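# Fold and contact review
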Amino acid sequence: MTDIRTDIEGRAGRITLTRPKALNALDHEMCLAIEAALDAWRDDPQVALVMIDAEGERAFCAGGDIAAVYRAGLAGDYEAGRAFWRDEYRMNAKLAEYPKPVISFLHGFVMGGGVGLGGHCSHRVVGESAQIAMPECGIGFVPDVGGSLLLARAPGGLGAYLGLTAARMGPGDALHAGFADCFIPESRWPALKQTLAETGDMAALDAAADTPPASPLAAAQPEIDTLFAAGPLVEIAARLEQAEGEIAAPARKAVARNSPLSMALTLEMLARLRAQDSDIRSALRQEYRVSHRAAEMGDFLEGVRAQIIDKDRNPRWRYGLEEITPDLIAGILAPLGADELAL
């Protein structure tokens, strides 16, 4: 049974994640079910808008369920992961390009795959409990599901900071960084969803919006820009070693802990996206080049082992900070030929 509920309620297509004990982590079947609902409602005149939310108090979606990908990769089967990512990324693109309004209600943990599900919708509602992050560098991966595009568009050095350190954003931070569009207190959500379903009128969203909490990241933007706005990974790490301040200390620990290969790849991915003024499709294609090679050539299997499977928090990364070369990065980001992501 798929851990998701899709139905039509009044004028609204409703997608609700129903896996709260697993923090609504997305598996392959859930991604396919979401895509099928979007396809079914695209030309349905009854459906004026789509709402995406999740059961449970702790999480909208804390990421992708990658245990199965890990097990297959460990056995030398890389295609299972590639198929999952291909289908998930296609669903991400459809959300970003959907012709009808799509409202996501982001509460609790919104991480990784949760950002891919809720972060590309046309109307992203954030509540007071939201904790949004892209933590992939900690598991030997890179910010994906289109998250690299959101990071590339964040102001100043904020995208690099969020991608390299997996720092969490509260609601004010998410608005500042471009990961959300409006703040609505969660106590108003049930009535708002009912009104949207009954009327299909997006004006209800503006009427419910409220002044967001302050953004600590906005206040820290000058420090973040000084530390993260320029330079390759080795220079950022060197600046962090010399820096003091509320941002520098935890960032220094995170950069020392996370995969050097993943962080270097992330910086190059963001730089390429900014240089090309890219869209969701170019971001997803670039991410898929890493996904396609992640288990075989990257730190993904070791990172998942250390953080999720064995939980010893002691990953043995393939490369040290000084061993990352431009040729290594270019090779992992090189086009895949016939295996390029088709969207």
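Above this text sits the structure in question.
If you're wondering where the values come from, they're calculated on a predicted model, not measured in any experiment.

### Regarding the overall build of the protein chain
The secondary structure content of the protein chain amounts to 17 helices and 9 strands. For the protein chain, whose C-alpha radius of gyration is 19 Å, the value lies close to the compact-globule estimate of 20 Å for 343 residues. With the C-alpha coordinates of the protein chain rotated into their principal frame, the extents come out at 60 × 45 × 40 Å. Considering the protein chain as a whole, with its 343 residues, one finds that 55% of them fall into the buried category. Across the protein chain, every contact between residues at least 6 apart in sequence was considered, and the portion connecting residues at least 24 apart equals 73%.

### Overview of the side chain of Asn24
Counting through the fold element by element, Asn24 comes out in the loop between strand E2 (12–17) and helix H1 (28–41). Excluding residues that lie within four positions of it along the chain, Asn24 makes contacts with Leu17, Thr18, Arg19, Met30, Ala54, Glu55, Ala59, Phe60, Cys61 and Gly63.

### Remarks on the environment of Thr226
Positionally, Thr226 belongs in helix H11 (residues 221–228). Residue Thr226 is classed as exposed on the basis of its relative accessible area, which comes to 55%. Along the backbone, Thr226 and Lys100 are 126 residues apart, and their C-alpha atoms lie at a distance of 40 Å.

### Details of empty space enclosed by the protein
Inspection of every chain in the model, using the stated rule, returns 2 cavities of 30 Å³ or more. In this structure, the largest cavity spans a volume of roughly 80 Å³. In terms of lining residues, the largest cavity is bounded by 13 residues, among which Gly140, Leu265, Val290, Gly298 and Asp299 are the most central. Every element with two or more residues in the lining of the largest cavity is listed here: helix H14 (260–276) and helix H15 (280–297). No other element matches the 4 residues that H15 contributes to the lining of the largest cavity. Residues that form the lining of the largest cavity fall into these classes: 8 nonpolar, 3 polar and 2 charged. Lining the second largest cavity are 14 residues, and of these Val69, Tyr78, Gly81, Trp85 and Ala295 sit closest to its centre. Residue assignment for the lining of the second largest cavity shows that the elements contributing at least two residues are helix H2 (67–74), helix H3 (79–96) and H15. In terms of residues, the lining of the second largest cavity owes the most to one element, H15, which gives 6 residues.

### A look at the sheet that holds strand E7 (residues 123–126)
In spatial order, the strands read E1-E2-E3-E5-E7-E9; together these 6 strands make up an open sheet with mixed pairing. Looking at the sheet topology across the chains shown, the edges are occupied by strand E1 (4–9) and strand E9 (182–183). Of the pairings in the sheet, the one linking E7 to E9 comprises 2 bridges and is parallel in character. Bridge pairing in E9 places Val125 opposite Cys182.

### Let's talk about the sheet that holds strand E4 (residues 59–61)
Reading across from one edge, E4-E6-E8 is the order of the 3 strands in this open sheet, with parallel pairing throughout. Either end of the sheet is taken by a strand with one partner, and the two such strands are E4 and strand E8 (131–133). Sheet twist, expressed as the average angle between the axes of neighbouring strands with direction ignored, equals 15 degrees. Of the strand pairs in this sheet, strand E6 (residues 109–111) and E8 are connected by 3 bridges, and their pairing is parallel. Paired with Phe109 across the strands is Gln131, a residue of E8.

### A closer look at the side chain of Asp27
Assignment of secondary structure puts Asp27 in the loop between E2 and H1. Put simply, Asp27 is tucked away with no salt bridge, and the nearest opposite charge, on Arg19, sits 4.1 Å away. Looking at Asp27, its side chain comes within polar contact range of the main-chain nitrogen of Met30, at 2.9 Å. Leave out the neighbours within four places in its chain, and Asp27 touches Asp3, Arg19, Asp65 and Phe84.

### Section: the layout of surface pockets
Of the voids in this model, the largest pocket is the one considered here, and its volume is about 1,000 Å³. Residue lining of the largest pocket: 34 residues in total, with Ala62, Met111, Pro135, Ile139 and Ile308 positioned closest to the centre. At the level of elements, H3, E6 and helix H16 (300–309) are the ones that each hand at least two residues to the lining of the largest pocket. Taken together, the residues that form the lining of the largest pocket break down as 18 nonpolar, 8 polar and 8 charged. Around the second largest pocket, the lining comprises 23 residues; the ones closest to its centre are Gly231, Pro232, Leu233, Ala264 and Leu267. Of the residues belonging to the lining of the second largest pocket, the class tally is 16 nonpolar, 4 polar and 3 charged.

Scoring rules and cut-offs
Residues numbered from 1 in each chain as written. Predicted model: local features only at pLDDT ≥ 70, side-chain atom pairs only at ≥ 80, totals over all residues. Heavy atoms only, no water. Helix = DSSP H or I, 4+ residues; strand = E, 2+ residues; numbered from the N terminus. Rg over C-alpha atoms; globule rule 2.2 N^0.38 Å. Buried < 20%, exposed > 50% of the residue type's maximum accessible area, 1.4 Å probe, protein only. Contact = heavy atoms within 4.5 Å. 1 Å grid on protein atoms, 1.4 Å probe; cavity = no way out; pocket = protein on both sides within 12 Å on 5 of 7 lines; lining within 4 Å. Points joined across faces, edges and corners; volume = space filled by probe spheres on them. Nonpolar A, V, L, I, M, F, W, Y, C, P; charged D, E, K, R; others polar. Pairing = 2+ DSSP bridges. Axes fitted to C-alpha atoms, helices over the stretch in contact; angles between N-to-C directions. Lys, Arg positive; Asp, Glu negative; His and termini not counted. Salt bridge = Lys/Arg side-chain N within 4 Å of Asp/Glu carboxyl O. Polar contact = N/O pair within 3.5 Å; in protein donor to acceptor, adjacent residues only side chain to side chain.

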